[in-house]
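Survey of secondary and tertiary structure
Here's the letter readout for the chains.
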Amino acid sequence: MLQIAHIQAHKEEVIEALQKRHFSKATELVENAISIDNERKTTQSSLNELQAGANEVAKSIGVLMRQGKKEEANQAKEKAAQNKQTIKNLEDKLKELESDLTNCLYEIPNTPYKDVVAGKGADDNQILEEWGAIPTLADDAMPHWELIKKYDIIDFELGVKITGAGFPVYKGKGARLQRALINYFLDEAIAAGYNEVQPPILINEASGYGTGQLPDKEGQMYEATADNLFLIPTAEVPITNLYRDEIVKESDFPIKMTGHTPCFRREAGSWGADVRGLNRLHQFDKVELVAIEHPEKSYQRLENMLSHVKGLLEALELPYRVLRLCGGDMGFTAAMTYDLEVYSAAQGRWLEVSSVSNFETYQSNRLQLRYQSQDTSDKKKHLAHTLNGSALALPRIVATILENNQTKDGIKIPKVLQDYCRFEQID
RNA sequence: AGAGAAAUGGCAGAGUGGUCGAAUGCACUGGUCUUGAAAACCAGCGUACCGUGAGGUACCGGGGGUUCGAAUCCCUCUUUCUCUGCCA
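This section reports on the structure supplied with the text. (Residues numbered from 1 in each chain as written. Chains lettered and ligands numbered in written order. Predicted model: local features only at pLDDT ≥ 70, side-chain atom pairs only at ≥ 80, totals over all residues. Heavy atoms only, no water.)

Description of the sheet that holds strand 6 (residues 223–224)
Note the cut-off: In this scheme, strands are said to pair when DSSP sees at least two bridges between them. Secondary structure elements follow DSSP: runs of H or I of four or more residues count as helices, runs of E of two or more count as strands, with numbering from the N terminus.
Taken together, three strands build an open sheet; the order of strands is 5-7-6 and the sheet is antiparallel. Each edge of the open sheet is held by one strand with a lone partner, namely strand 5 (202–203) and strand 6. Where strand 6 and strand 7 (residues 229–231) come together, two bridges link them in antiparallel fashion. The residue bridging Ala224 from the neighbouring strand is Leu229, located in strand 7.

Topic: the nonpolar core
Across soluble globular proteins, you tend to see nonpolar side chains buried next to one another. Convention followed: To define a nonpolar core, start from buried Ala, Val, Leu, Ile, Met, Phe, Trp, Tyr and Cys residues and group those joined through side-chain atoms within 4.5 Å. Buried residues are those whose accessible area, probed at 1.4 Å on protein chains only, stays under 20% of the maximum for their type, while exposed residues exceed 50% and partly exposed ones sit between those limits. Contacts were defined at the residue level, with two residues in contact if any of their heavy atoms lie within 4.5 Å.
Core analysis: the largest hydrophobic core is formed by 64 residues, its most contacted members being Leu181, Phe185, Leu313, Ile397, Leu417 and Ile426. For this core, the element with the highest residue contribution is helix 7 (residues 173–191), accounting for eight residues. When residues no more than four places from it in sequence are discounted, the contact partners of Leu313 are Trp131, Leu318, Tyr320, Leu340, Val342, Val353, Leu392 and Ile397. Of all hydrophobic cores here, the second largest spans 21 residues; its members include Val14, Ile15, Phe23 and Ala33.

Some points on the protein's contact with RNA strand B
Put simply, the rule is: Nearness here has a simple test: a residue counts as near a molecule or strand if at least one of its heavy atoms is within 4 Å of that partner. Polar contact is defined as a pair of N or O atoms within 3.5 Å, subject to the rule that within protein one atom must be able to donate a hydrogen and the other to accept it, and that residues adjacent in sequence are counted only when both atoms are side-chain atoms. Three classes are used: nonpolar for Ala, Val, Leu, Ile, Met, Phe, Trp, Tyr, Cys and Pro, charged for Asp, Glu, Lys and Arg, and polar for all others, with Gly counted as polar.
Close to RNA strand B lie 21 residues; Arg40, Gln44, Ser45, Gln51 and Ala58 are nearest. The contact atoms of RNA strand B, taken as those within 4 Å of the protein, divide so that sugar and phosphate hold 72%. At a separation of 3.1 Å, a phosphate oxygen of RNA strand B approaches a polar side-chain atom of Arg370. A distance of 2.9 Å separates a phosphate oxygen of RNA strand B from a polar side-chain atom of Lys381. Put simply, the parts of the chain that give the surface near RNA strand B at least two residues each are helix 3 (26–67) and helix 4 (70–106). Per element, the largest residue contribution to the surface near RNA strand B is 13 residues, and it comes from helix 3. Partitioning the surface near RNA strand B into residue classes produces five nonpolar, six polar and ten charged.

A word on helix 3
We apply this condition: Take the residue count of a helix, subtract one, and multiply by 1.5 Å to get its expected span.
A rise of 1.5 Å per residue sets the reference length of helix 3, with its 42 residues, at 62 Å; its end C-alpha atoms lie 61 Å apart and thus fit the reference within 8%. Looking only at helix 3, the buried set comprises Ala26, Leu29, Val30, Ala33, Ile34, Ile36, Asp37, Thr43, Leu47, Val57, Ile61 and Leu64. At the C-terminal side of helix 3, Gly68 shows a positive phi close to 80°.

What to know about the layout of surface pockets
Where we set the bar: In the cavity and pocket records, a cavity denotes points on a 1 Å grid over the protein atoms alone where a 1.4 Å probe fits but cannot get out, a pocket denotes an open set with protein on both sides within 12 Å along at least 5 of 7 lines, and lining residues are residues with an atom within 4 Å of a point. Grid points are joined across faces, edges and corners, and a volume is the space filled by probe spheres set on the points.
Here the second largest pocket is characterised by a volume of approximately 400 Å³. Lining the second largest pocket are 16 residues, and of these Leu2, His6, Thr111, Glu360 and Thr361 lie nearest its centre. If you tally residues by element for the lining of the second largest pocket, the top one is helix 2 (residues 11–19), at three residues.

Looking at unusual backbone geometry
Put simply, Phe253 and Pro254 share a cis peptide bond, and its omega is -10°. Positionally, Pro254 belongs in the loop between strand 8 (247–249) and strand 9 (255–264). Omega for the peptide link from Ala391 to Leu392 comes to 5°, which places this bond in the cis form. Relative to the elements of secondary structure, Leu392 occurs in strand 16 (residues 385–393). One non-glycine residue, Glu360, lies in positive phi territory at about 50°. Topologically, Glu360 is positioned in strand 13 (residues 349–360). The residue Gln368 is not glycine, and still its phi comes out positive at about 55°.

Some details on the packing of aromatic side chains
The condition is simple: Side-chain rings of Phe, Tyr and Trp (the six-membered ring for Trp) are treated as a pair once their centres are within 6.5 Å; stacked means planes under 30 degrees apart, edge-to-face means over 60, and tilted covers the remaining angles.
Applying the stated criterion across every chain yields a total of nine aromatic pairs. When the centroid spacing of 5.8 Å and the interplanar angle of 45° are considered together, the rings of Tyr184 and Phe185 count as tilted. Judged by centre distance (5.2 Å) and plane angle (75°), the ring pair of Phe253 and Tyr371 falls under edge-to-face. Taken together, the positions of Phe253 in the loop between strand 8 and strand 9 and Tyr371 in strand 14 (residues 370–372) put the pair 118 residues apart, joining distant regions of the chain.

Considerations on the sheet that holds strand 1 (residues 126–131)
Just so we agree on the cut-off: Each axis is a line fitted through C-alpha atoms, and for a helix only the stretch in contact is used; angles between axes span 0 to 180 degrees, taken between their N-to-C directions.
With mixed pairing, eight strands are arranged side by side in an open sheet as 1-11-12-13-16-10-9-4. Strand pairing shows two members of the sheet lacking a second neighbour, strand 1 and strand 4 (195–196), which therefore form its edges. By the bridge criterion, five bridges tie strand 11 (residues 320–324) to strand 12 (residues 336–344) in an arrangement that is antiparallel. Bridge pairing in strand 12 places Val322 opposite Leu340. Each of strand 1, strand 9, strand 10 (283–293), strand 11, strand 12, strand 13 and strand 16 touches helix 10 (residues 298–315); the most contacted strand, strand 16, lies at about 5° to it. Contacting strand 10, strand 12, strand 13 and strand 16, helix 12 (residues 394–404) runs over the sheet at an angle of about 30° to strand 12.

Okay, here's the thing in structure tokens:
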């Protein structure tokens, strides 16, 4: 969430930035947050004053008791008891205001970075670059949902039997290709200086709040209700939360982590004609990059992460394009997001395979993830910036490899994967 | 899963109703001394919020309660440790 002090100091700027998202409640919510905060301040002031008085009386009673002045002590007691209820009421009011403020702030999305253009949705995204030639396929080329049947490598019907729609079973070379991709992506991340972690794939509520999945987006997550845990929608959640409530040293930056996890998404209501096959699943695998960075270097870090992902796609020889999302298409918590899409030749469409974002302090403010400046005269703890990016999500990469590399003899495996797969084609 | 014990500042560790935001040691920062370092000595050293400021308030695992007053008493939750059980 945004910092209330920042909103107070830069109200117009915040409202203006939020307009880029076409966020209609911007002015209303910002005004509301400010007025709650102002009331909070005055409430705390008067509460503190009363508490100071009460503390003084309580102390004096202690002194009087020790001096044996019982009567005076009892008089003071009565006096103190009078203010008790007032203090209690003010305390309750303060708590309520604080929680109102937090709830209000939860509803305000992150303010887009200066480079982000205004826009309502996907059509307004900026296409920054395109790489690679679009392959021309034979006339009888098949979309991946037919190829997986032809070669018997991914089975949706079996998944339906075991679990339900959107939970495919990978078999034989399909399973091995998955494993190869995971290992390849992890090795590349490690080579780029990311520290591999294997986090839990169930998270508690606090973690959900930390990275912004909660409140409001619980409908997107599978929930283990008996234990009040959630299946992760992305490794971003457990990995970023490793640093919840931590104070790091400035010299620790950048903190770079990577991890492979399955991801679980309910995707309620988002099924339609163009989500056949591997295009949208309830469970899929992803290798994620997470970075925690100094505020002054976070955009540099974002570029660095973007070029890492581009390098992967180039090594896999998949034509891609880079989009900078417009305000309206960005996730709630992001300040700037690059999407990478690969061209799926048999479907004739671009498929999003990675999303790389800078959250600035939006997540770290909830996480209370701060750093201590190296400058010893600066005693204050400062919020760090958090970033993450997929590198990469598997299913659409698999779909595109299958479609783009199909030949009459079989599906050619990209060179970089051959050692990982230990086979060169699927036939 | 059952029984017991525990949770205090960066760490260790005192404190069982009142000058306790919290002894002491270590660590850390600054200084004295030294050619330099070590040692010794002196001083400082938690976080957040409110206040222009002086200053105030809250925080001793989380939440609630008793009391004029709670680190200290009560309830509850969480976590850790020990023993027993179970298990890859």
